[in-house]
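Close look at the chain arrangement
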Amino acid sequence: GESVGLHLPTLSVQEGDNSIINCAYSNSASDYFIWYKQESGKGPQFIIDIRSNMDKRQGQRVTVLLNKTVKHLSLQIAATQPGDSAVYFCAGHIVLKIQGAQKLVFGQGTRLTINP
Amino acid sequence: NAGVTQTPKFRILKIGQSMTLQCAQDMNHNYMYWYRQDPGMGLKLIYYSVGAGITDKGEVPNGYNVSRSTTEDFPLRLELAAPSQTSVYFCASSYSGGRYTDTQYFGPGTRLTVL
């Protein structure tokens with residue numbers, strides 16, 4: 001079956017440093033991946049996505065890298081700020097039965113803590 | 001736009017009680033989803049819908065029912081609440097289901113405890 005997993009349940013970084021959060025997936029059929037940020041008491045918030053025909057995508061302070069050979073994703077956050085404290089999930093898209101609907105297969109999440 | 005809204009935010013049920021979790025979106029999205037999130041875990045799909053009148057089961061549908069009579073609303077029904085249904089429930093919606101454009105937007109969640 002499909003699975004998406006994160007390497008570390010927690011990550012602590014100093015404010016201003018770069019953060020790297022890793023994720024592995026098992027299903028080669030996943031061709032679209034998303035990183036979500038979830039703050040306490042809130043729903044997941046979209047950060048950045050990447051298609052399987054790309055190996056890198058950049059947003060504002062965030063970069064996602066995709067290595068299809070080893071089925072690995074990473075999220076890099078530059079100059080980490082206190083507001084970046086949250087749980088980060090990677091998710092892969094799996095196509096469902098009806099009319100191209102897709103479900104997200106989530107990893108367990110990495111809790112990012114920023115030290116002042 | 002309010003985006004995806006969910007009510008209630010919190011609820012405590014006794015074993016065997018029933019309730020409906022409400023979800024609405026005002027983005028004219030045709031696809032809607034219900035997920036549950038257990039402590040320390042990622043989200044698992046319960047049910048989804050691709051439009052009014054069309055729904056299907058996800059990974060963990062047992063104990064739940066859904067209906068979709070309008071584009072905007074996608075309620076989730078728990079018929080005989082069990083402690084195993086204690087979880088946080090998230091509703092999500094997306095526009096087309098198209099392969100590369102199907103970003104799902106999430107509501108704030110309903111925290112349900114069954115005692």
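Anything mentioned here points back to the structure above.
Description of the structure in this document.

Procedures and definitions
Residues numbered from 1 in each chain as written. Chains lettered and ligands numbered in written order. Predicted model: local features only at pLDDT ≥ 70, side-chain atom pairs only at ≥ 80, totals over all residues. Heavy atoms only, no water. Helix = DSSP H or I, 4+ residues; strand = E, 2+ residues; numbered from the N terminus. Buried < 20%, exposed > 50% of the residue type's maximum accessible area, 1.4 Å probe, protein only. Contact = heavy atoms within 4.5 Å. Areas by Shrake-Rupley, 256 points an atom, 1.4 Å probe, with all protein chains shown as cover. Buried area = accessible area lost by both parts, 1.4 Å probe. Salt bridge = Lys/Arg side-chain N within 4 Å of Asp/Glu carboxyl O. Polar contact = N/O pair within 3.5 Å; in protein donor to acceptor, adjacent residues only side chain to side chain. Nonpolar A, V, L, I, M, F, W, Y, C, P; charged D, E, K, R; others polar. Disulfide = S-S within 2.5 Å. Pairing = 2+ DSSP bridges.

A few words now on the overall build of chain A. Helix and strand content of chain A: zero helices and 11 strands. For chain A, the sequential pattern of α-helices and β-strands runs β-β-β-β-β-β-β-β-β-β-β. For chain A, buried positions account for 48% of its 116 residues. Nonlocal contacts in chain A, meaning residues at least 24 apart in sequence, comprise 54% of its contacts between residues at least 6 apart. Surface exposure of chain A reaches about 5,600 Å², of which carbon and sulfur atoms provide 46%.

The next point concerns the interface of chain B and chain A. On the chain A side, the residues contacting the 26 residues of chain B number 26 residues. For the pair chain B and chain A, the two sides together bury roughly 2,300 Å², of which 53% comes from carbon and sulfur. Linking chain B with chain A are zero salt bridges. Taken together, the connections running from chain B to chain A amount to three residue pairs in polar contact (both at pLDDT 80 or more). Grouping the constituent residues of the side of chain B that touches chain A by class yields 13 nonpolar, nine polar and four charged.

What follows covers the side chain of Gln 85 of chain B. All names here are of chain B. For Gln 85, the location among the structural elements is in the loop between β8 (76–78) and β9 (87–94). What makes Gln 85 buried here is its relative accessible area of 4%. Not counting residues within four places of it along the chain, the set of residues in contact with Gln 85 comprises Arg 36, Asn 62, Gly 63, Tyr 64, Leu 78, Leu 80, Leu 112 and Val 114.

For the structure on display, the rule yields five salt bridges over all chains. Taking the shortest distance from any N to any O, the salt bridge between Arg 61 of chain A and Asp 84 of chain A comes out at 2.9 Å. With Arg 61 of chain A in the loop between β6 (56–58) and β7 (62–67) and Asp 84 of chain A in the loop between β8 (72–77) and β9 (86–95), this pair connects stretches of sequence that are 23 residues apart. Judged by relative accessible area, which is 6%, Asp 84 of chain A ranks as buried. A salt bridge links Arg 36 of chain B to Asp 38 of chain B; the nearest nitrogen and oxygen atoms lie 2.8 Å apart. Its relative accessible area of 11% is what places Arg 36 of chain B among the buried residues. Asp 38 of chain B gets classed as partly exposed once you look at its relative accessible area, which sits at 26%.

What the rule picks out here adds up to two disulfides over all chains. A sulfur-sulfur separation of 1.7 Å characterises the disulfide bridge that pairs Cys 23 of chain A with Cys 90 of chain A. The sign of the S-S torsion, about 55 degrees, decides the handedness of the disulfide formed by Cys 23 of chain A and Cys 90 of chain A: right-handed. One end of the pair, Cys 23 of chain A, is in strand β3 (residues 19–25); the other, Cys 90 of chain A, is in strand β9, and 67 residues separate them in sequence. The same class applies to Cys 23 of chain A as to Cys 90 of chain A, namely buried. Here Cys 23 of chain B is linked by a disulfide to Cys 91 of chain B, with a sulfur-sulfur distance of 1.8 Å. With the S-S dihedral at roughly -70 degrees, the linkage between Cys 23 of chain B and Cys 91 of chain B falls on the left-handed side. Here the residue Cys 23 of chain B occupies a position in strand β3 (residues 19–25), and Cys 91 of chain B occupies one in strand β9, the gap between them amounting to 68 residues. Its relative accessible area of 1% is what places Cys 23 of chain B among the buried residues. We classify Cys 91 of chain B as buried; its relative accessible area is 0%.

A few words now on the pairing of strand β6 (residues 54–57) of chain B. Residue and element names in this part refer to chain B. In this structure, strand β5 (residues 43–51) lies alongside β6, joined through four bridges in antiparallel fashion. By the bridge assignment for β6, Ser 49 is matched with Thr 55. Counting the residues that bridge the hairpin from β5 to β6 gives two residues, and of these Gly 53 lies at a positive phi of roughly 85 degrees.

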